[in-house]
Amino acid sequence: MAYLAANIISLVYRFCDEKHLPYDRDVDLSELTYMKTGGRAQALLKPLFSAQVAELLSFLSENGIPYKPIGNTSNLLFLDEVDYPVLICSAGMTQITVDADVGRIVAQGGAMMPDLARAALLSSLTGFEGLEGIPGTIGGGIFMNAGAYGAELKDKLIGAELALPNGSVQYFTIADLQLSHRSSVLRREASGGFVCSATFQAPRGNAQKIFAKMEVYHAKRHKYQDFMYPNLGSIFSGSPYRALGRRDRIFKLISAGYYFLNYEFKLFRRESPINRKWLNDIVLRRFPLHYSLQPFSDKTLNCLVNRGQGTAEMVRFIRQMEDLVSGQIPLENEIVEEF
Ligand SMILES: Cc1cc2nc3c(=O)[nH]c(=O)nc-3n(C[C@H](O)[C@H](O)[C@H](O)COP(=O)(O)OP(=O)(O)OC[C@H]3O[C@@H](n4cnc5c(N)ncnc54)[C@H](O)[C@@H]3O)c2cc1C
C-alpha cells in the first residue's frame, strides 16, 4: 500500500477542481493499463496544457506528494498488489500540428507515435515510418528514445517543452535531452519533468515510398509480435537468445542451427520467423525456468505476456531472465514499484 492519507489526497482533488484539471479517483489499473495489470491509483490526473502541468508539478512537489507521469503505459508493468498515489497522464494533450512547407511538426506529449507517423505521411514528410507500430506516446517515446526499423525518435527531434517540478516550463534542445539507445536524460535522472510537446524537423519524401515502407513494417510487425495477449513489446533491448547462447554452448549450437535454417526463409522470402515455440521449449529444457502458465510469447522469449498469471509471476520471470543474461542486455520494460 502506498496510499496517501485522506487529508492529503483531498488536497489534490481540491487543487484539480479549482484549476479545472480533469481527473479520475480510485482507478482500477487493471482496466486502464496496456498490460491489464496493477492495483488501484488514488488519482489519475489528465492536464490539458503545459502551464497547467507546471502548476500541478509545483503543487505536488511543494506538498511532498509523489507522482508518476504516464503515457499509454505500453512499457510499464504496474504491480497487482500495489496501490499507487498520483499518476499524471498525457491523454488530454494529443494535438499534432504540421507545417508541411517548412517540414516542421509539433506534437503534444500525449500524441501517439503512430499518429505522428501518419500525420507525416499525409504531408509527405519522411523519417517516421518505423514509428508507425509503436503503441506509445511522444512523451513515453522521448523518455526512452523509442524506435524501430532503423528510425528512432531522436532522428528528427529538435527539442521538447518540459514542465518541471519547480513550476517552470522549459525548452530542452535535442542535446539537452541526451537521447541514446532506449534512453534519455529523463530516464537516467528521473527528475520528475513532464514532456508537454516536442518539435520535429523532417525532409520531404515521396508519399508512395513512405506509404510502402510503413506497409512493409506494419506487416512484419504483425508476424513477429504477439497480438493475442496483453504485452509490453520487448522485455530487453537486445536478444536474450544470443545472451543465453553465451552461457550455454549446447544451446548456442542449437540456436545457431535454428537460425541457419530460418535464414534461408528470411533471405529469400524476406520474412522473420513468426513462431519460436520450438526454440523456446529448448530454452525451458536447458535453463531453470519453470511455470504453470508460460510467461512469454510463443513468438519470442523476449516478450512478457499476460495470461492471467499475476504480476508476482511476471516479475519472477523478469528477474530470472536478468540473472540468466547477467547484464549483457539492458531491461527495456519498466516495473513500476511502489512510490
Ligand atoms: C506491442 C508493443 C510493441 C512495441 N514496440 C516497440 C518498438 O518497436 N520500439 C520501441 O522503442 N518500443 C516499443 N514498445 C515499447 C513502448 O511502446 C515504448 O517504450 C513507448 O515509448 C512507451 O510509450 P508510452 O506512452 O506507452 O509510455 P509509458 O509506458 O506510459 O511510460 C514509459 C515511461 O515514460 C515516462 N513518460 C510517459 N509519458 C511521459 C511524459 N509525457 N513526460 C515524461 N515522462 C513520461 C513514464 O513515466 C515511464 O517511465 C512496444 C510496446 C508494445 C506493447
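Since the model is a prediction, treat every value here as computed from it, not as a measurement.

Calculation criteria
Residues numbered from 1 in each chain as written. Predicted model: local features only at pLDDT ≥ 70, side-chain atom pairs only at ≥ 80, totals over all residues. Helix = DSSP H or I, 4+ residues; strand = E, 2+ residues; numbered from the N terminus. Rg over C-alpha atoms; globule rule 2.2 N^0.38 Å. Buried ≥ 20, exposed ≤ 12 C-beta atoms within 10 Å, placed from the backbone. Contact = placed C-beta atoms within 7 Å. Pairing = 2+ DSSP bridges. Axes fitted to C-alpha atoms, helices over the stretch in contact; angles between N-to-C directions. Near = placed C-beta within 6 Å. Nonpolar A, V, L, I, M, F, W, Y, C, P; charged D, E, K, R; others polar. Core = buried A, V, L, I, M, F, W, Y, C linked by C-beta atoms within 7 Å. Domains from an automatic or database assignment. Expected span 1.5 Å × (residues − 1).

Draft legend 1. Spotlight on the overall build of the chain. In terms of regular secondary structure, the chain is built from 12 helices and 13 strands. Radius of gyration (C-alpha) of the chain: 21 Å, near the 20 Å computed for a compact globule of 339 residues. Dimensions along the principal axes, computed over C-alpha positions, put the chain at roughly 65 × 50 × 30 Å. Burial statistics for the chain: of 339 residues in total, 38% are counted as buried. Taking contacts inside the chain between residues at least 6 apart in sequence as the whole, the part at least 24 apart equals 68%.

Draft legend 2. Quick look at the sheet that holds strand 12 (residues 194-201). Strand order across the open sheet formed by 5 strands is 6-7-12-10-11, with antiparallel pairing between neighbours. Both outer strands of the open sheet, strand 6 (96-99) and strand 11 (169-173), are each paired with one neighbouring strand and no more. The mean inter-strand angle of the sheet, taken between neighbouring strand axes irrespective of direction, is 15 degrees.

Draft legend 3. The arrangement of the pairing of strand 11 in detail. Pairing between strand 10 (residues 157-163) and strand 11: 5 bridges, direction antiparallel. Its bridge partner lying in strand 11, Gly159 is registered against Thr173. Turn length for the strand 10-strand 11 hairpin, with the two strands adjacent in sequence and antiparallel, is 5 residues, and the turn residue Gly167 shows positive phi of about 90 degrees.

Draft legend 4. Region of interest: the environment of Asp281. Residue placement: Asp281 occurs in helix 11 (residues 277-286). What makes Asp281 exposed here is the crowd of 12 C-beta atoms within 10 Å. Taking the C-alpha atoms as reference points, Asp281 and Leu301, separated by 20 residues in sequence, lie 10.0 Å from one another.

Draft legend 5. Structural context of the site of the ligand. As a structural note, the neighbourhood of the ligand is formed by 32 residues, with Gly71, Gly136, Gly139, Gly140 and Gly233 the closest of them. Looking at the shell around the ligand, the elements that each hand over two or more residues are strand 3 (67-70), helix 5 (138-143), strand 8 (147-148) and strand 12. A per-element tally of the shell around the ligand places helix 5 first, with 4 residues. Its residues assigned to classes, the shell around the ligand comprises 14 nonpolar, 16 polar and 2 charged.

Draft legend 6. The arrangement of the nonpolar core in detail. Counting residues in hydrophobic clusters, the biggest one holds 80 residues, and the most contacted among them are Leu45, Leu87, Leu116 and Ile142. The residues touching Leu45, leaving out its near neighbours within four places in the chain, are Cys16, Leu21, Tyr23, Leu56, Val86, Ile88 and Cys89.

Draft legend 7. Quick look at the domain arrangement of the chain. Segmentation of the chain into domains returns domain 1 (6-92), domain 2 (96-215) and domain 3 (225-336). Facing the 18 residues of domain 1 at the interface are 21 residues of domain 2. In terms of residue class, the side of domain 1 that touches domain 2 is built from 8 nonpolar, 9 polar and 1 charged.

Draft legend 8. Structural detail: helix 3 (residues 50-62). Counted at 1.5 Å a residue, the expected span for helix 3 with its 13 residues is 18 Å, and the 18 Å between its end C-alpha atoms agrees. Structurally, helix 3 contributes buried residues whose contacts are with strand 2 (40-45), strand 3, strand 5 (84-89), strand 10, strand 11 and strand 12. Just downstream of helix 3 lies Gly64, where phi reads positive at about 60 degrees.

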